Amino acid sequence: MQLKYVALAAGGLMALSACSKNEAPVTTAPPVGPGAIAGTVAADRDGDGYVDGYYTADGIYHGVQGPPYPPPPPPPPPRAGERG
């Protein structure tokens, strides 16, 4: 008698499992940064840490047209003295 109820419950769970959806909710894309173009991928070709251009969805590279970035500031002088 109990086996009948277990089989009925298992059959019900299997029937309802087809109705469940395990899809992630659709969210909007995060906002792009300053100077970025939506739908592109930034490229740093020379490895200096600054974006040199970007790739569009069709794989074409477009270089950034503008003045170069200023060099980083020089390191501070070493501290010398009694506690330096």
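Residues numbered from 1 in each chain as written. Predicted model: local features only at pLDDT ≥ 70, side-chain atom pairs only at ≥ 80, totals over all residues. Heavy atoms only, no water.

### What to know about the sheet that holds strand E2 (residues 53-55)
If you walk across this open sheet you meet the three strands as E1-E2-E3, and the pairing is antiparallel. The sheet is open, and its two edges are formed by strand E1 (41-43) and strand E3 (61-63), each paired on a single side. The sheet shows a mean angle of 30° between the axes of neighbouring strands, direction not considered. (Pairing = 2+ DSSP bridges. Helix = DSSP H or I, 4+ residues; strand = E, 2+ residues; numbered from the N terminus. Axes fitted to C-alpha atoms, helices over the stretch in contact; angles between N-to-C directions.)

### Description of the environment of Pro-30
Topologically, Pro-30 is positioned in the loop between helix H1 (2-17) and E1. For the pair Pro-30 and Pro-76, spaced 46 residues apart in sequence, the C-alpha to C-alpha distance is 37 Å.

### Regarding H1
The terminal C-alpha atoms of H1 lie 23 Å apart, and with 16 residues this matches the ideal 22 Å at 1.5 Å per residue to within 8%. The element H1 is largely exposed, with a buried count of zero among its 16 residues. (Expected span 1.5 Å × (residues − 1). Buried < 20%, exposed > 50% of the residue type's maximum accessible area, 1.4 Å probe, protein only.)

### A closer look at the environment of Ala-10
Within the fold, Ala-10 resides in helix H1. Sequence separation of Ala-10 and Ala-24 is 14 residues, and the distance between their C-alpha atoms is 27 Å.

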